[in-house]
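Structural characterization, general
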Amino acid sequence: FIVAMNNKAKALGMTSSAFVEVTCINSGSVSTARDLMLLLQSAKQQEIVAKFMTTEQLVITQASGIAVTVLS
């Protein structure tokens with residue numbers, strides 16, 4: 001999966017990004033604001049992603065029944 005992430009980043013022109021694990025929390029994963037902008041521009045082309053990117057409030061109900069409200 002990491003190989004696919006890095007390949008997709010390159011295909012999007014994200015020349016300053018490299019991922020070493022899937023969450024990108026590890027300090028070994030790097031990116032720049034420019035590269036993240038390219039990623040977001042690509043993501044918003046997907047209808048479902050665009051919907052969530054422009055939603056002001058989202059309520060997510062967990063399997064336990066607890067509802068979490070996410071505000072933009």
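Read on for a plain summary of the structure.

Criteria and cut-off values
- Residues numbered from 1 in each chain as written.
- Predicted model: local features only at pLDDT ≥ 70, side-chain atom pairs only at ≥ 80, totals over all residues.
- Heavy atoms only, no water.
- Helix = DSSP H or I, 4+ residues; strand = E, 2+ residues; numbered from the N terminus.
- Rg over C-alpha atoms; globule rule 2.2 N^0.38 Å.
- Contact = heavy atoms within 4.5 Å.
- Areas by Shrake-Rupley, 256 points an atom, 1.4 Å probe, with all protein chains shown as cover.
- Lys, Arg positive; Asp, Glu negative; His and termini not counted.
- Charge placed at Lys NZ, Arg CZ, Asp CG, Glu CD.
- Buried < 20%, exposed > 50% of the residue type's maximum accessible area, 1.4 Å probe, protein only.
- Arc of directions from axis to C-beta.
- Core = buried A, V, L, I, M, F, W, Y, C linked by side-chain atoms within 4.5 Å.
- Salt bridge = Lys/Arg side-chain N within 4 Å of Asp/Glu carboxyl O.

**A closer look at the overall build of the chain**
Regarding its fold elements, the chain presents 3 helices and 2 strands. Seen in sequence order, the chain has helices and strands lined up from the N terminus as α-α-α-β-β. Relative to its length of 72 residues, the chain is extended, with a C-alpha radius of gyration of 15 Å against a globular reference of 11 Å. Dimensions along the principal axes, computed over C-alpha positions, put the chain at roughly 40 × 25 × 20 Å. In the chain, the share of contacts with a sequence separation of at least 24, taken over all contacts with a separation of at least 6, comes to 9%. Accessible area of the chain: about 5,500 Å², with a carbon and sulfur share of 61%. Across the chain, the mean location of the 5 positive side-chain charges is 8 Å away from that of the 4 negative side-chain charges.

**Looking at helix H1 (residues 2-11)**
In an α-helix, one turn spans 3.6 residues, which is why side chains three or four residues apart end up on the same side. For H1, the full list of buried residues reads Met5, Asn6 and Ala9. Projected onto a plane normal to the axis of H1, the buried residues spread over an arc of 95 degrees and lie on a single side. Along H1, the residues that are exposed and aim more than 90 degrees away from the buried face are Val3, Lys10 and Ala11. Within two residues after H1, Gly13 carries a phi angle of roughly 85 degrees, on the positive side.

**Thoughts on the nonpolar core**
Counting 5 residues, the largest nonpolar core is built from Met5, Ala9, Met14, Phe19 and Leu38. Among all residues touching Leu38, those that are not within four sequence positions of it are Leu12, Gly13 and Met14.

**Notes on the pattern of salt bridges**
Applying the stated criterion across every chain, the model contains 1 salt bridge. For Asp35, the salt bridge goes to Arg34, with nearest N and O atoms at 2.9 Å. Judged by relative accessible area, which is 47%, Arg34 ranks as partly exposed.

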